[in-house]
Amino acid sequence: MKAVRFDEYGPVTVLDVRDVPMPAPGPGQVLVRVKAAGINPGEAKIREGALHERWPATFPSGQGSDFAGVVDSLGPDVTTVAPGDEVIGWVDTRSSQAEYVVAEAANLTAKPAHLPWEVAGAIPVVGFTAWAMVRAVDLKPGDTVVVSGGAGGVGSIAVQLARRKGAAVIGLAGPSNHDWLVRHDVIPVVYGDGVADRIRAAAPANAGIDAFLDTQGGDYVELALNDLKVSPERIDTVVRFDAAAKYGVKVDGNGAGASAATLGQLAALAAAKEIEIPLAQTFPLGDVRAAYTQLAKGHVRGKIVLIP
């Protein structure tokens, strides 16, 4: 089978699609024929070596967590799925960007029949992250929350989940994404110099900023604390891991949100069109370098997905 591999940290040019042996499922595991595999900024940072201290790679390394596909075969003691079942899932083994992947049966949920493959394969990491971030800041009806990167892979789902909690949502994004935010009942604000003043001006009348979700990094945590006067326990960042110890903010993300039950709920919402999982672009598996090059350009609305 073909799978993404890299032998050293570096730019997209270290990525290859190679012929590798077909994996075999062990006890409690399932072999899935991949129909779609999402890509994520964290995978690019791991490949570059930027997260070596936190998540070191062993070489040769595969890549990818998200996938949707068809169950091919079962390992021992698996009774929850059967060959031919259409599923969505995730792995922690950096191996989903391939024609086949071995996953834990416990990490799978049924794919709703009418949910397109490319949408299904985009859900897990960004969906879990957005879900965990919204939960972390304990949003309630009437709250006002700011989401940096409000039209990105995580942010585009977080703004919608926050609206479902009854919060007023301010999404920071470039002008090209403002119409999309407005269509989802989100208040658009352009990022850049003077953003704190624009956030305050955009907030509902007589409302302060109650919570902040940071998907971008930079100095957004400091902006939330110092300029917007948000309490540390109502700030969640998935980029500034140092800020937890430094300021007492939260860093709940993919790991805090990952569960088959949550994945099933997100897939059902997407299938019912109660939330949108925006897709920026799809690429064939063989064009993995082009896919990550596109991701690195930034300003991407939603997810980029590989199609084996």
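See the structure printed just above.
Residues numbered from 1 in each chain as written. Predicted model: local features only at pLDDT ≥ 70, side-chain atom pairs only at ≥ 80, totals over all residues. Heavy atoms only, no water.

Asker: I'm lost on the layout of surface pockets in this one. Help?
Answerer: Where empty space is left can be seen by rolling a probe of water-molecule size over the atoms. Counted as a void, the second largest pocket has a volume near 240 Å³. Residue lining of the second largest pocket: 18 residues in total, with Val91, Thr93, Ser95, Val101 and Val102 positioned closest to the centre. Where the lining of the second largest pocket is concerned, the elements lending two or more residues are β1 (2-5) and β6 (100-104). In terms of residues, the lining of the second largest pocket owes the most to one element, β6, which gives five residues. By residue class, the composition of the lining of the second largest pocket is nine nonpolar, five polar and four charged. (1 Å grid on protein atoms, 1.4 Å probe; cavity = no way out; pocket = protein on both sides within 12 Å on 5 of 7 lines; lining within 4 Å. Points joined across faces, edges and corners; volume = space filled by probe spheres on them. Helix = DSSP H or I, 4+ residues; strand = E, 2+ residues; numbered from the N terminus. Nonpolar A, V, L, I, M, F, W, Y, C, P; charged D, E, K, R; others polar.)

Asker: I tried to follow the sheet that holds strand β8 (residues 144-148) on my own but got confused; where do I start?
Answerer: In spatial order, the strands read β10-β9-β8-β11-β12; together these five strands make up an open sheet with parallel pairing. Each of the sheet's edge strands pairs with one partner strand only, and the pair in question is β10 (187-189) and β12 (235-237). Each neighbouring strand pair of the sheet contributes to a mean axis angle of 15°, computed without reference to strand direction. Where β8 meets strand β9 (residues 168-172), four bridges bridge the pair, whose relative direction is parallel. By the bridge assignment, Val146 is partnered in β9 with Ile170. Running at roughly 160° to β10, helix α6 (residues 195-202) makes contact with β8, β9 and β10 of the sheet. (Pairing = 2+ DSSP bridges. Axes fitted to C-alpha atoms, helices over the stretch in contact; angles between N-to-C directions. Contact = heavy atoms within 4.5 Å.)

Asker: In this structure, what is going on with helix α1 (residues 41-48)? I would like to understand it.
Answerer: For an α-helix, 3.6 residues make a turn, and residues three or four places apart therefore share a direction. For α1, the full list of buried residues reads Glu43, Ala44, Ile46 and Arg47. All buried residues of α1 project into a common sector of 160° when viewed along the axis, lining one side. Along its buried surface, α1 packs onto β3 (29-39) and α11 (288-296). Positioned one or two residues after α1, Gly49 has a phi angle of 90°, which is positive. (Buried < 20%, exposed > 50% of the residue type's maximum accessible area, 1.4 Å probe, protein only. Arc of directions from axis to C-beta.)

Asker: Got a minute to help me understand the pattern of salt bridges in this structure?
Answerer: Opposite charge on two side chains permits them to pair, given that their charged atoms come into close proximity. As enumerated under the stated definition, the model contains 14 salt bridges in all. The shortest N-O distance in the salt bridge between Asp138 and Lys140 comes to 2.5 Å. It is possible to trace a salt-bridge network through shared partners that takes in Asp7, Asp16, Arg18 and Arg289. (Salt bridge = Lys/Arg side-chain N within 4 Å of Asp/Glu carboxyl O.)

Asker: Got a minute to help me understand the packing of aromatic side chains in this structure?
Answerer: Any two aromatic rings considered together are summarised by their centre-to-centre distance and by the angle between their planes. Enumeration according to the criterion identifies five aromatic pairs in this entry. Ring centres 5.9 Å apart and planes at 70° place the aromatic pair Phe6 and Phe59 in the edge-to-face group. Highlighted residues: Phe6 in the loop between β1 and β2 (16-19) and Phe59 in the loop between α1 and β4 (66-74), separated in sequence by 53 residues. Overall, Phe6 belongs to the buried group, its relative accessible area being 1%. Aromatic side chains Tyr9 and Phe59 sit 5.1 Å apart centroid to centroid with 80° between the ring planes, which places their arrangement in the edge-to-face category. In this pair, Tyr9 is assigned in the loop between β1 and β2 and Phe59 in the loop between α1 and β4, connecting sequence segments 50 residues apart. (Phe/Tyr/Trp six-rings, centres within 6.5 Å; stacked < 30°, edge-to-face > 60°.)

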